[in-house]
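Architecture and fold: a report
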Amino acid sequence: MRIARWFVVGVLALLFAGCASTPTSTPEARQALAPTGKLRVAFLSAPLYVVKDPATGELKGQAVDLGKQLARRVGVPFEPVPYANAAAILSGAKSGEWDVVLMGINAERAAAIDFSAPYLEVEQGYLVRAGVPISTMADVDRPGIRIAVIEKAGADLYHSNNLKNATLVRAKSVDELFDTVFVSKQADVIAATRSTLFERSGSQPGSRVLDGRFLVEPVGMGVPKGRKPIAASYVGNFVEKAKAVNLVKTAIDRAGLRGVAVAPLK
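In this report, we go over the structure that sits alongside the text. (Residues numbered from 1 in each chain as written. Predicted model: local features only at pLDDT ≥ 70, side-chain atom pairs only at ≥ 80, totals over all residues. Heavy atoms only, no water.)

A word on the overall build of the protein chain. Counting its secondary structure elements, the protein chain contains 10 helices and 13 strands. What you see for the protein chain is a C-alpha radius of gyration of 19 Å, in line with the 18 Å of a compact globule of 266 residues. Dimensions of the protein chain, computed from C-alpha atoms along their principal axes, come out at roughly 55 × 50 × 40 Å. Relative to its 266 residues, the protein chain shows a buried fraction of 48%. Sequence separation of at least 24 residues holds for 70% of the intrachain contacts in the protein chain that already meet a minimum separation of 6. Total accessible area computed for the protein chain in this model is approximately 12,400 Å², and 55% of it derives from carbon and sulfur atoms. A gap of 4 Å separates the mean positions of the 33 positive and 24 negative side-chain charges of the protein chain. (Helix = DSSP H or I, 4+ residues; strand = E, 2+ residues; numbered from the N terminus. Rg over C-alpha atoms; globule rule 2.2 N^0.38 Å. Buried < 20%, exposed > 50% of the residue type's maximum accessible area, 1.4 Å probe, protein only. Contact = heavy atoms within 4.5 Å. Areas by Shrake-Rupley, 256 points an atom, 1.4 Å probe, with all protein chains shown as cover. Lys, Arg positive; Asp, Glu negative; His and termini not counted. Charge placed at Lys NZ, Arg CZ, Asp CG, Glu CD.)

Right, dumping it as structure tokens:
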């Protein structure tokens, strides 16, 4: 049975790889997804989605890998559209700045975006600044502790509803988030995706990512509300095929992400 299963997966992967290099969309789907003639793919400028090569300036990451694969299937050029925060992405959805987005799914965002089923499950955790007397997750929600979050991100929404003693300090972007803790020291702890925390903690001596997680956030692909239904349907089908043939897992592995798993098939 194991051999048969891997044989099927291998055949599907070969078929999907072929489709990735040959457009598989209809003219109607192509117009609905990429009305400007290119696929403008939005995502946060965060290690979970993308990093910039310091030598070339090239963007690399799972959002770029999956966005490029989707663009190839649609049969149009790929254009990355990075944003500093979720609020800017939602504003861009309403003003027509992008065609497809990769981001965490929640009710507020679903009011502006037609999401696929999740393709990633992302752990949220804590990074503690050196010298702050916190060693476990149970120590975080205490009087006097200041937790930095990105405004309206998953960690902000979770802590806004669940904190009892600690206070929140909100930042507009990932860079501002880390400056708030390690430069201006306006906060003691960062709450964010563990992949981002692991990636940034190496440059902060004495800081530590705590064991455990406070939330697992689903991440999906989506299109702005108002597009023809075929656009969301096409993206949803792409996500399920990408999970089934390990394209999502390959993108995770290439990016070296930690605290991330492929979401189950729909």
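There's plenty left to go through after this.
Enumeration over the complete set of coordinates arrives at 1 cavity of 30 Å³ or more. In this structure, the largest cavity occupies an estimated 250 Å³ of space. Along its surface, the largest cavity is lined by 19 residues, and L44, Q124, I150, A153 and T193 are the ones closest to its centre. Those elements that place two or more of their residues in the lining of the largest cavity are β5 (100-104), α6 (154-162), α7 (174-182) and β10 (189-193). The residue makeup of the lining of the largest cavity, split by class, is 12 nonpolar, 5 polar and 2 charged. (1 Å grid on protein atoms, 1.4 Å probe; cavity = no way out; pocket = protein on both sides within 12 Å on 5 of 7 lines; lining within 4 Å. Points joined across faces, edges and corners; volume = space filled by probe spheres on them. Nonpolar A, V, L, I, M, F, W, Y, C, P; charged D, E, K, R; others polar.)

If you look at the biggest cluster of nonpolar residues, it comprises 69 residues, and the most contacted ones within it are Y49, Y119 and I190. Non-local contacts of I190, meaning those with residues more than four positions away in its chain, are made with G125, Y126, L127, A148, L177, F178, V181, F182 and L197. The next biggest cluster of nonpolar side chains, apart from the first, holds 14 residues, and it includes Y126, A155, L210 and F214. (Core = buried A, V, L, I, M, F, W, Y, C linked by side-chain atoms within 4.5 Å.)

Attention now goes to the layout of surface pockets. Of the voids in this model, the largest pocket is the one considered here, and its volume is about 250 Å³. Mapped by element, the contributors of at least two residues to the lining of the largest pocket are β2 (51-52), α7 and α8 (194-201). Across the lining of the largest pocket, the residue classes tally to 8 nonpolar, 2 polar and 4 charged. Quantified by volume, the second largest pocket comes out at close to 190 Å³. Considering the residues around the second largest pocket, the lining is formed by 14 residues, among which P47, V51, A255, G256 and L257 are closest to the centre.

Our next topic: helix α10 (residues 247-255). When α10 is considered as a whole, its buried residues turn out to be L247, V248, A251 and I252. Buried residues of α10 fall within an arc of 140° about the axis and therefore sit on the same side. Count one or two residues on from α10 and you reach G256, which has phi positive near 65°. (Arc of directions from axis to C-beta.)

Once that is clear, we can look at the pattern of salt bridges. Tallied over the entire structure, the rule returns 18 salt bridges. The partner of R194 in a salt bridge is E123, with the nearest N and O atoms 3.0 Å apart. Pair noted here: R194 is in helix α8 and E123 is in strand β7 (residues 120-128), with a separation of 71 residues, a long-range link. The partner of R146 in a salt bridge is D188, and the shortest N-O contact between them spans 3.0 Å. Of this pair, R146 sits in strand β8 (residues 146-150) while D188 is found in the loop between α7 and β10, placing the two residues 42 residues apart along the sequence. One network of salt bridges, with partners in common, ties together R40, D99 and R227. (Salt bridge = Lys/Arg side-chain N within 4 Å of Asp/Glu carboxyl O.)

With that settled, consider the packing of α7 against α8. The N-to-C vectors of α7 and α8 enclose an angle of 60°; their axes lie 12 Å apart at closest approach. As the angle between them shows, α7 and α8 are arranged oblique. When you trace α7 past α8, the crossing you get is right-handed. Packed against α7, whose contacting residues are V174, D175 and F178, the element α8 presents T196, L197 and R200 at the interface. Here the contact of α7 with α8 is composed, by residue class, of 3 nonpolar, 1 polar and 2 charged. (Axes fitted to C-alpha atoms, helices over the stretch in contact; angles between N-to-C directions. Parallel < 35°, antiparallel > 145°, perpendicular 65-115°, else oblique. Left-handed = near helix turned anticlockwise from the far one by under 90°.)

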